[in-house]
Every structure is written in structure tokens, then in C-alpha cells.
Amino acid sequence: MSIPVSRRVGHDGARRIPAVNPQHFRNILGRYATGVVAVTAIDPRTGEPCGLAVNSFTSVSLDPPLVAFCVSGDSTSWPRLKAAANLCVNVLAEQQREACERLAAPGGDKFAGLSWALSPGGAPVLDGALAWIDCVVDVEHPAGDHVIVVARVTGLDRHDDGGPLVFFRGAYGGFRS
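This structure is a prediction, so every number in the text was calculated from the model and none was measured.

Quick look at the packing of aromatic side chains
Any aromatic ring pair is given by two values, namely how distant the centres are and how the planes are angled relative to each other.
Next up, step 1: For the structure shown, the criterion picks out 3 aromatic pairs.
Next up, step 2: With 6.2 Å between their ring centres and 75° between their planes, Phe111 and Trp116 make a pair best called edge-to-face.
Next up, step 3: On the basis of relative accessibility, which here comes to 6%, the residue Phe111 falls in the buried class.
Next up, step 4: Relative accessible area serves as the criterion here: at 32%, Trp116 is assigned to the partly exposed category.

Here's what the structure looks like:
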């Protein structure tokens, strides 16, 4: 893949902007702290829990209630999740770093050693998560090397107390108010 030195922008293409170095882009955006969630489901083919970690999660709309998150286009977990009828977004607590790292890793039994229960929508809620949000996929939008998933909320509640798991400058940490 070649990276252009610059490209033309604007309606008439008269303005040139410099190309963005991918590593520099990652380093700069890493200065924006994000919360971390785990998106979970029950794989309809195997009946086993599946999931992935996401730090690009946001609320979208109150009416209708929508949330969004981004998933890597080459994720092997996302096809299993989107095949499920229901998903659950788990807002991770700062003490859930190990669970997050397990769900972020490719392959393997990501739920080995994790305690969880079914949400009302039928997807895994991780023990210790601050909140859970049941949802169904509404639409997916291709976006570069990721997919933006917009999901309709079908239920939600707080689950546990504590501080959130935060991702900042390539590392996990916590936040106390």
C-alpha cells in the first residue's frame, strides 16, 4: 500500500493537504482518553459466548436510542457477534483490564476464567462491568480499515460501582472523580 505525499481536497481540488503518517496519527489520537467496553453475544452456531474489546464507543441518539462502535475490518470476532440476534455492550470497570486484554486478543477461548450472566436480551454481562446495554445491529458503515456499527438499544442498566477502565496513550488506567 502506498501512502501519498499529499492529496487535493475541496470542490475544485485546488487545495492540497499533506498526507498523514499512520503512526503519527495513532500517537496523536492516543492523547484522547477513551472508555473501554466489551461487546458480547452468544454465537448462534456454537451456543458459546463470544466478544471483543472496543474503545471507540459512543451514544448516537436518544430517539430512537442508538449507540455506535467501530470494529476492525479484519476482526475474526465481529462476524460471530453480528450473527447473533442480540449484543450486549459491557462498560468495563478499571479492575477489568485482564478481561479487556483477553477479549482484545485474537483467537482462543476469550471467556475462559471470566464470570458472566445473561442479560435480559440473552447476551453475556461480565461480572464487575459498570453497566450493560442490550442492543441489536441497526446498520454497518464501511469506514477505511474499520466498520462503524450503529446499534439500537433494547435495554440497559447499571450493573456495578467503581471507576471506569480508560485507554490513554496506548495504556490502560482508571479514573477517579
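Some details on the sheet that holds strand 3 (residues 34-35)
The strands that make up a sheet pair up through hydrogen bonds in the backbone, lying either parallel or antiparallel.
Next up, step 1: Read across the open sheet, the 3 strands follow the order 3-13-14; overall the sheet is antiparallel. With partners counted over all chains shown, the strands left at the sheet margins are strand 3 and strand 14 (171-173), one partner each.
Next up, step 2: Of the pairings in the sheet, the one linking strand 3 to strand 13 (residues 166-168) comprises 2 bridges and is antiparallel in character. Considered in strand 13, the bridge of Thr34 is made with Phe167.

Brief notes about unusual backbone geometry
Next up, step 1: The omega angle of the peptide bond from Asp63 to Pro64 is 5°, so this bond is cis rather than trans.
Next up, step 2: Here Pro64 lies in the loop between strand 6 (57-62) and strand 7 (65-72).
Next up, step 3: One non-glycine residue with positive phi stands out, namely Arg169, at about 50°.

How each quantity is defined
- Residues numbered from 1 in each chain as written.
- Predicted model: local features only at pLDDT ≥ 70, side-chain atom pairs only at ≥ 80, totals over all residues.
- Heavy atoms only, no water.
- Phe/Tyr/Trp six-rings, centres within 6.5 Å; stacked < 30°, edge-to-face > 60°.
- Buried < 20%, exposed > 50% of the residue type's maximum accessible area, 1.4 Å probe, protein only.
- Pairing = 2+ DSSP bridges.
- Helix = DSSP H or I, 4+ residues; strand = E, 2+ residues; numbered from the N terminus.

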